[in-house]
Each structure stands twice: as C-alpha cells, then as structure tokens.
Amino acid sequence: MEKYDFKKIEKKWQKFWEEKEIFKAKDFSKSPKFYILDMFPYPSGAGLHVGHPRGYIATDVIAHYMRMKGYNVLHPMGWDAFGLPAENYAIKTGIHPRISTKQNIAQFKEQMKMIGLSYDWSREINTTDPEYYKWTQWIFLKFFRAGLVYNKTLPINWCPSCKTGLANEEVVGGKCERCGTEVTKKEIPQWVLKITAYAEKLLEGLDKLDWPEKIKEMQKNWIGRSEGAMIKFQISNFKFQIEVFTTRADTIFGATFLVLAPEHPLVLEITTPEYREEVKKYIEETKKKLDVERQEEKEKTGVFTGAYAINPATEEKIPIWVSDYVLPYYGTGAIMAVPAHDQRDFEFARKYDLPIIEVISQNSRLKTQNHNSKLKTKLEKAYEGEGVLVNSGQFDRMPSQKAREEIVKWLKLKGLAEFAVNYKLRDWIFSRQRYWGEPIPLVFCEECKKRIQNSKFPPVGRAGKIKNLEKNQIYKIQNYEYSLGEILNPGWIAVPEEELPLTLPKVEKYQPTGTGESPLAGIKDWVETKCPKCGAPAKRETNTMPQWAGSCWYFIRYVDPKNNKALADRKLMEYWLPVDFYVGGAEHAVLHLLYARFWTKFLYDQEILPFNEPFLKLRNQGLILAPDGRKMSKSKGNVINPDDLIKEYGADAFRLYEMFMGPFDQPISWDPKGILGTKRFLEKVFQIVNSIHWGVASDSKLQIGGSENNKETENRLKRKLHQTIKKVTEDIEAMKFNTAIASMMEFVNELQNSNCKLQIEDFKKFLIILAPFAPHFAEELYHQIEKTEKSIFEEKWPEYDETLIEKEIITLIVQINGKVRDQIQVKKGISEEEAKELALKLEKIQKWLKGRKIKKVIFVKDRLINFVVR
RNA sequence: GCCGGGGUGGCGGAAUUGGUAGACGCGAGAGACUUAAAAUCUCUUGGGGUGAUCCCCCGUGCGGGUUCAAGUCCCGCCCCCGGCACCA
C-alpha cells in the first residue's frame, strides 16, 4: 500500500506553484480585487514558533478561497525589521544589525515557505531597506512641513533597560511594552507628532469599520473624548484667570476650592511668600515620583498656595491648592474641586478639612445648606450621579443634566465659560535614542534659528499655537523659504527630498549612551553638515524614529513596491487600496492600528492617498500558548517550532491542526498530540484514493470509494457532500475554520463507513474545498485523479445544490411534556395531522400516554411533535 | 472601580440563535494484526440506577423565573480571562 509521502509531495507542488506564478496578484485585472493582509512580523532571531502561523494560515485559507471564487487577490508579506533586538544583538556580538536582520529574514521566509503559504513574494518589502525608509522619511517631512511635528523638552517615559524614550502607547501598566522594565522619567528634547490634531477624525472613522468591538472600544477609550466646558476662575489679587475643564458644570456651586497640578505653569506665580517653600518642596517631590508611584498612592497629598480664586457662580473666594492627583497633561492641568460630587475631591477635602457643599440632590427633595458656614457633612462618600440642583441660586430644582448646559450658557454671557471637548489622547513622542531605526531627516542650523526668531513670525500665536494653518504654506524670510515646520521649530531644517534616503551611517559602537543621545551622536563626520537652506554649519538630528514608523504605511507599499518616484503609483493605489481584510494580534490595538490610521488620515488630507481608512475589516487571532498554558518564550524553554512538526507530520497536517484546534480568535494551548488527528484524516483520504476500488459506473463515469453500488447510499453521500460544501463555504467566510474542518472529517467518515462509491467529479469538489487548508495534499490527489497541467487552484470553488441538501425523509422528534421519548422517520413537509397519527401509534408513546389526558399538541414542522399531558 | 469576552465530558471544543446537549478531534479502555512494540484498523467512552446494545433518572458555574420546550431568553449572585484605570 502506497504511503502518503508528504516530503516529496510538498516540495514538488511548492516548486510547481512558484514556476507557474499562480499566486501572483495582477495589477489592474478586470476581476474584482481582494487585498488580504497579515500584520508583518519583526524577524527575530528565534524564528517562528507555532503561534505565529495561526494568522498566516487563516489568511492563506481565505486568499485561496477568494481566488477560487474569481477574485484577483493581493496577499503579500514583508518585514518590520527595525527595532531593538537586532541592535541589542549587535551590542553583544558586534554583528551589524543589517547582517543579522538579513539572516533572520531568510529564516522566517524559509519557514513560511515550508508551510506552503501562498504569498506573492515578488512584492516583498523590508522597512530597513533604504529604498523603503526613504519614503518613511518622506512622509515624516510631510508631517513636519504641515506643522504637525514639534520639538519639545519634556519629561517622558524612559526605559532604563532599553535606554530609550517611549510613547504613551508603549507603556503598559507602568512597564516597557518591549522588555517589561519599570519605566522611569527623563527630561530630554523630543520630536513629537501631533496625533491629537486627529483625535476627532480617528474617533469618527471607527464607526464605519468592520473591526472587533473590543479593539474599537479600546481605541475609543484611548482617545477618550469627553464633552464639558472650560470655565475661568479669576485669581484674587492678580489680573489673570485660571481655566479649568469640567464635565460637570452643573456642580459649580459646590466648587469649594481649586487644585492645580504641581507642573501647572502658574503655581509659583500665585503662591504667596509664606507658602512658597512648602509648595516648592512639594513640586520637587512630585518630580522625583514615577508615574506609577503617583497613581498607586492611596492617600491624597497636597499643599495650600495661600492664593484664592473667585468661584464665578457663587462669587465667593475659594482657596487654591496644589496636588499631584491633578494630572498636568489632561485638560488644563487645573480643576475645580467639587468634594460633594467627586470622590477624589471628597477625599482631599476630608483630609485637609475643606468645605463640602452638596449641590445635587439624589431625590428631588430640596435640602438647603448655609453657604457661609463650613458645614460638617454627613456624607460618607461623594455622590457622582445625576439629580436635581440645590444650593445653586436660580438653578435650584433644575435637573442636573439640563443645568450642565444652562450654567455654561449663563457664565458664557459673562465671558467666563465656553463649551469644550477634551481628549485623553496625548501627542506621540517620536524620538528614540537608539541606532537601529530610520534617521530623522532634520538638521539644526543656528543661523536659520536666529533668522526665524528675529522675524517674529505672525502665524505662531501664544504658547506655540498655530493660527490659520495653511496646508504646505511657504514663509519667506530674507529670501529664504521656510515651511511651517521650520517656523514652528526655529533652527530645525528639513533635509531636501532629493537627498533622501538619509541613510544610517556605520558606527563603531551600537551601545546606547544612556544620556539621552543616540549612538549616532558619536559620529562626527555624519553629524556635522551644512544647512541645506543657507549653507551655514549645521548638525544632524541623531535620534531615530520609533519601531512603529515603518509599519504605519507598509500596506501601501505592497501595491507598488519598487516605485522610486512616489510611495506608490496613484492608479495602483486606487485599484488595490484600502486593505479589505487585515489579520493580526490584538496587542496592537492602540499602537500600530492607531498610528497607521493616523498616518493614513493625514496622507489623505495631503491628497497623497485616495482613501482615509487603511483597514476595512480586521480580525484578531488568539494567542497560542505552550502546552503548560503559559506564553511561549525562549527563556521558559517551552517553545514549539513548526519546523519539527512539519518534518514529522507534514505541512498540511500542521496547517489543518492550526485551524482545527479551536475558534480562531480565542487563546488556546498547544496540544502536542492534537496534530495526530489531522494527520490521520489526511491518511484516510489518501488511502481512499489510492487503494480502494476504482471503478466505472453504469453511466460510464469514474467512481471512487467503496465497493457497493447502492443508489440510496449514493444519494446520501451526495447530499452529505453538498452539505459539506455549504458548511465549509459559510465557515470560511465566518472564520470558523474549526467547524469547517470538522464537517470535512464527517464527510470522509461517512464516505468510508458507507463503503459506497462517489463519482470522480464529486470527489474533485471535495478536494477543492479541502485545498485551501491542505494545499499540497489536495493538489497531489487532484493530479492523481485527473491528468492535467492545471493547478487545483485554477479550479472554480464548487457551488452547492440546496435541493440536494434537503432531505426527503427526516427525523421527527416525539416528545411528551417537552422530553424526547421517541423519534420517527417521516416524509419532509408532513402535516400536523399525519404526524400526530403516526406518533400516537408508537409503542413507547402509548406507554407514556396511558392513563393521561392530552391537553395540548405542539407541532414544529419537520422538527418535532410534543404532547402536553396531565 | 469601569469597559469588553467567557464558564458545556478526562481535555480542545460543537449545538441550525428557543426544539434530539456533547458534532469533530485528542486522551482513555477493550479487541484485531504482530514473536513483541510502534503504527494501523474495529468497537466503547457525561454521571448514575449492581450486566456498555432495552429502559429510567440526573446533567451546560450557582439560585430563582418565563415557556409545551432553556446551554440558548429574563432577574439576582459567584468565578475566570483580557483591556483601561486619580482622565476632572
């Protein structure tokens, strides 16, 4: 008996597909396009483990399915290859990241090919290729010129282990997203991308996307839109006001003090001399604290400034305090404290004995308190819900929700309030103090700095706010032309486009300095350059871009990967983009997925892209854990490699098991024995074709399968086949691969058990629906049953016949009081009367009915009949 | 605390959206083949009622409810996983 020699078969067909180029996407084909994409991997030195291919195999199944459905499918793969591991490896071994990256990519690609993934390798991209990152830099300059990049020295999240700054999105629970080290603070100059300018657009766009609800929610929460008002509080003895943001303007009559964040710029200005020392000390202490410490503190702390503000509603003097429970980066960094209706303010007021005045009554019964006395309230905690206003002058008795608007309108008339929207989203810290990343294409020129600063340029308003931002506008100063980015960041000059790519120079040492400078800072002849505007001596920026930069737009590059005039040809973008279906891990919810949407929306506004959302449909694959239930990792020694499994069981058994093991989007442990099941399944099919009873039917059609000729079982088999086609088709579309495979197993079990024959044409249909899951195997058997030059993937996806699926004889369940007592085989469509008659004749039913009365009969057509008895 | 997703055999998981709970696979048990083992094949496999093939009872985290009928719907709990977390 011939054995299924998967080693030979897999190699043979992989070569065949490559030579025939049948998985190549065709630009501008008349067939409808379908762009299905995997999140491209970072090619680590460890290679792929069994968790990685789960998503790749799923998209491969869908890609095959869509091709056979007649779509022109784009299914590419590439490498997100900038990043820390390669650099850390270089520090240890001295091997240049370019070399180790190249080796890692070769390994990844080899592994992917072993699995038989049908990527169009002619479109392969690599973010570390200068021809690629040229365009990453080009896009960065677009942001810069549009005024969406600014340089600022600010305390940022700093990973002491990676020795680099991090974006907020890269800090997970106070720890570095990459290495898990506790994040500290460091104050260094940073390039910051103004993602906040797109907060509203990023939020709006979500509604239209077919993404998992969870991911959409996470993005929504991250952006954190809240509606409220900006309210101005006059400072006693000063000419200025302090603005606060609140969502509860209805509680303003209960605002009994203000709290400023220690970082608030006006703190020291308003502090009275006698409190100065204490306030200064508090500010210093806060500076030393890590964000995590600040958040973990249970007890609120703070100091009085000695200053007072006027509550614009009550016109009473209220004290101004400083506390670190007010965050500098949200709202205005100052709050009006309403202790009766905000738990944090309540705790603070309790501790420092500040007045607590209730202004929202839970039940509409009116209570009045005397405003002028510091009332000892009986409140145990703040009431944060809705209610009716009390102690609020002319607003008494008004429902809180209405008052929220009315009070703002009232204060607005006095010029003291404005409706406002606030976001949690913060700007994107874009500099990394490391070597292995895209160089930021900017130089610093002292001469230009002076020129711009002396000109006191009009579009830049107070606090660096841009007025009347004009897209790509050029500003002329002394015959030099500057872009908005250059005006906003005096002295920083863009590297001219024609000089891109600005390539990474060779360095002696990759070791990060740890001082906040990148290793590039040590290379004199690279750093020292001339200003492209005025020719004066200038210095290059030595920080590099974050890991995420290259992945913000890579899906665009696949469309036209070798274009050296543009990031991609417009016509090709119009044909292929956006991505129809995107698959990857959920861990990128507020990282890559948010950043890529941001860049897309910006490039759309710049009229570079013809679409404003990158990924129309998104699905996340669940994590595959080690058999011990923990995450796979080299250090835990529980990694399972696909290579060994493929050598032992074959790529197709591996692919099938990856899809069969459980629902695609749920995490699951790897079961080392599980793959035996899918291997046995393939063996079974192979034996059916290779050993048992080929024959010719009476109508001279080739047949396969068992030895019996029995019209009835033949029909049953045929029905099962069409049921299977239907199930597999629907399940692929719904990404329920596990049940699709189960139904194919059922079919094969029935084919084997019935010992009956199946026409070759029908068996071919089965091979076609199996092909996306087990491509080599299906291709081999396809060629065994048919002499052809064609690939099975050039076949059409089979249609199923609904009329064949419907049974003529069905099983009708007979119940007594809702419990199954018997069943009968009846003709489909049988009437209630007929069913009742048949059911009542049943011995078992008669037994159950003995001595009882039928109260009611429930009949569900073609399903059941239920006798309700007493 | 808030948001999102769950709880079904020894295990991974099915169940047409209210209609035969446990498909499919793993594991386990028994048997066949073999000198033997592995592989393969066949049968059994939720628990119980002292005899797998007849019959009955119980059973989808817990407690109630709606219904002829509940894993599925409603109310009240418990537990697990993921995310966010002083966001004014």
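Residues numbered from 1 in each chain as written. Chains lettered and ligands numbered in written order. Predicted model: local features only at pLDDT ≥ 70, side-chain atom pairs only at ≥ 80, totals over all residues. Heavy atoms only, no water.

**Student:** So what's going on with the pattern of salt bridges? Which residues, and what values?
**Tutor:** By the definition in use, this model includes 45 salt bridges. With a closest N to O distance of 2.9 Å, D60 and R655 form a salt bridge. In this pair, D60 sits in helix α2 (residues 53-68) while R655 sits in helix α20 (residues 651-660), placing the two residues 595 residues apart along the sequence. For the pair D60 and R655, a shared accessibility class is recorded, and that class is buried. Note that D324 and K289 form a salt bridge whose closest N and O atoms lie 2.9 Å from each other. One end of the pair, D324, is in the loop between β14 (317-322) and β15 (334-337); the other, K289, is in the loop between α9 (273-288) and α10 (291-296), and 35 residues separate them in sequence. For the pair shown, D324 and K289 are each scored as buried. Residues joined by salt bridges that share partners form a network here, namely E761, K764, E786, K790 and E795. (Salt bridge = Lys/Arg side-chain N within 4 Å of Asp/Glu carboxyl O. Helix = DSSP H or I, 4+ residues; strand = E, 2+ residues; numbered from the N terminus. Buried < 20%, exposed > 50% of the residue type's maximum accessible area, 1.4 Å probe, protein only.)

**Student:** A description of the pairing of strand β13 (residues 303-310) should follow, citing residues and the corresponding values.
**Tutor:** Most of β13 is tucked away, with six of its eight residues classed as buried. Pairing between strand β10 (residues 226-235) and β13: two bridges, direction antiparallel. Within β13, the residue paired with I235 across the bridge is A309. (Pairing = 2+ DSSP bridges.)

**Student:** Please provide a residue-by-residue account of helix α22 (residues 711-733), values included.
**Tutor:** When the terminal C-alpha atoms of α22 are compared, their 33 Å separation across 23 residues agrees well with the 33 Å that a helix rising 1.5 Å per residue should span. Note on α22: the residue one or two positions beyond its end, M735, has a positive phi of about 60°. (Expected span 1.5 Å × (residues − 1).)

**Student:** Account for the protein's contact with RNA strand B, with residues named and values stated.
**Tutor:** Taken together, 51 residues lie near RNA strand B, and R294, R344, K424, R680 and N866 sit nearest. Taking all atoms of RNA strand B within 4 Å of the protein, the share assigned to sugar and phosphate is 63%. Within the side chain of N749, one N or O atom sits 3.3 Å away from a phosphate oxygen of RNA strand B. Between K844 and RNA strand B, the recorded distance is 2.9 Å, taken from a side-chain N or O atom to a phosphate oxygen. If one sorts the elements of the surface near RNA strand B by residue count, helix α23 (residues 737-754) sits on top with six residues. (Near = heavy atom within 4 Å. Polar contact = N/O pair within 3.5 Å; in protein donor to acceptor, adjacent residues only side chain to side chain.)

**Student:** Please provide a residue-by-residue account of a nonpolar patch on the surface, values included.
**Tutor:** Residues Y89, I95 and I99 make up a contiguous nonpolar surface patch of about 250 Å² in total accessible area. Locating I95 in the fold gives a position in the loop between α3 (84-93) and α4 (97-115). (Patch = residues over 30% accessible without salt bridge, like charges linked within 9 Å, V, L, I, M, F, W, Y side chains within 5 Å. Areas by Shrake-Rupley, 256 points an atom, 1.4 Å probe, with all protein chains shown as cover.)

**Student:** Describe the nonpolar core, and please don't skip the residues or the numbers.
**Tutor:** By size, the foremost hydrophobic cluster in this structure holds 196 residues, and its most contacted members are W428, F555, W599, F766 and F773. With near-sequence residues (within four places) excluded, W599 lies in contact with T136, I139, F143, L193, W428, F430, A549, C552 and W553. A249, V267, V303 and L389 belong to the second-largest nonpolar core, a separate cluster that totals 42 residues. (Core = buried A, V, L, I, M, F, W, Y, C linked by side-chain atoms within 4.5 Å. Contact = heavy atoms within 4.5 Å.)

**Student:** Can you break down the state of the cysteines residue by residue, with the values?
**Tutor:** For the coordinates displayed, the defined rule picks out zero disulfides. Not engaged in a disulfide, the cysteine C162 finds its nearest cysteine sulfur in C179; these two sulfurs lie 3.7 Å apart. Residue classification places C162 among the buried positions, given a relative accessible area of 5%. C534 forms no disulfide, and the closest cysteine sulfur to it belongs to C445, at a distance of 3.6 Å. Classification of C534 as partly exposed rests on a relative accessible area of 21%. (Disulfide = S-S within 2.5 Å.)

**Student:** Got a sec to walk through a positive patch on the surface? Specific residues and values, please.
**Tutor:** A contiguous patch of positive charge on the surface is contributed by K853, K855, K856 and R870. Structurally, the position occupied by K855 is in strand β35 (residues 854-860). Judged by relative accessible area, which is 55%, K855 ranks as exposed. (Lys, Arg positive; Asp, Glu negative; His and termini not counted. Charge placed at Lys NZ, Arg CZ, Asp CG, Glu CD.)

**Student:** Residue-level account of the sheet that holds strand β33 (residues 809-816), with values.
**Tutor:** Sheet strands line up and pair through hydrogen bonds in the backbone, either parallel or antiparallel. Ordered by their spatial adjacency, four strands build an open sheet running β34-β33-β36-β35, and the pairing between neighbours is mixed. Looking at which strands have only one partner, the edges of the open sheet turn out to be β34 (819-827) and β35. Between one strand axis and the next, the sheet turns by 20° as a mean value, whatever way the strands run. Alignment of β33 against β34, held across eight bridges, turns out to be antiparallel. (Axes fitted to C-alpha atoms, helices over the stretch in contact; angles between N-to-C directions.)

**Student:** If you had to explain α9 to someone new, which residues and values would you point to?
**Tutor:** Here α9 contains 16 residues, and its C-alpha end-to-end distance of 24 Å stays within 8% of the 22 Å for a straight helix at 1.5 Å per residue. Every buried residue belonging to α9 is among V279, Y282, I283 and T286, and all of these are buried. Check the buried side of α9 and you find it contacts β9 (184-193), α8 (267-270), α10, β13 and β14.

**Student:** Any details on the side chain of S236? Residues and values, ideally.
**Tutor:** Mapping S236 onto the fold places it in the loop between β10 and β11 (241-246). Sequence-distant contacts of S236, defined by excluding residues within four places in its chain, comprise Y308, A309, I310 and K317.

**Student:** Report on the sheet that holds strand β26 (residues 579-584), specifying residues and quantitative values.
**Tutor:** Strand order across the open sheet formed by four strands is β2-β1-β26-β27, with parallel pairing between neighbours. Two strands in the sheet have a free side with no partner beyond their single neighbour: β2 (72-74) and β27 (615-620). Averaged over all pairs of adjacent strands, the angle between strand axes in this sheet comes to 20°, irrespective of strand direction. Bridging between strand β1 (residues 33-38) and β2 involves three bridges; their strand directions are parallel. What sits directly across from K33, in β2, is N72.

**Student:** Can you break down empty space enclosed by the protein residue by residue, with the values?
**Tutor:** Under the defined criterion, the tally for this structure stands at one cavity of 30 Å³ or more. Within this model, the largest cavity holds a volume of roughly 230 Å³. What lines the largest cavity is a set of 20 residues, among which G83, L84, R432, P546 and Q547 lie closest to the centre. Of all elements in the fold, only α3 and β6 (164-166) reach the threshold of two or more residues within the lining of the largest cavity. The residue makeup of the lining of the largest cavity, split by class, is eight nonpolar, five polar and seven charged. (1 Å grid on protein atoms, 1.4 Å probe; cavity = no way out; pocket = protein on both sides within 12 Å on 5 of 7 lines; lining within 4 Å. Points joined across faces, edges and corners; volume = space filled by probe spheres on them. Nonpolar A, V, L, I, M, F, W, Y, C, P; charged D, E, K, R; others polar.)

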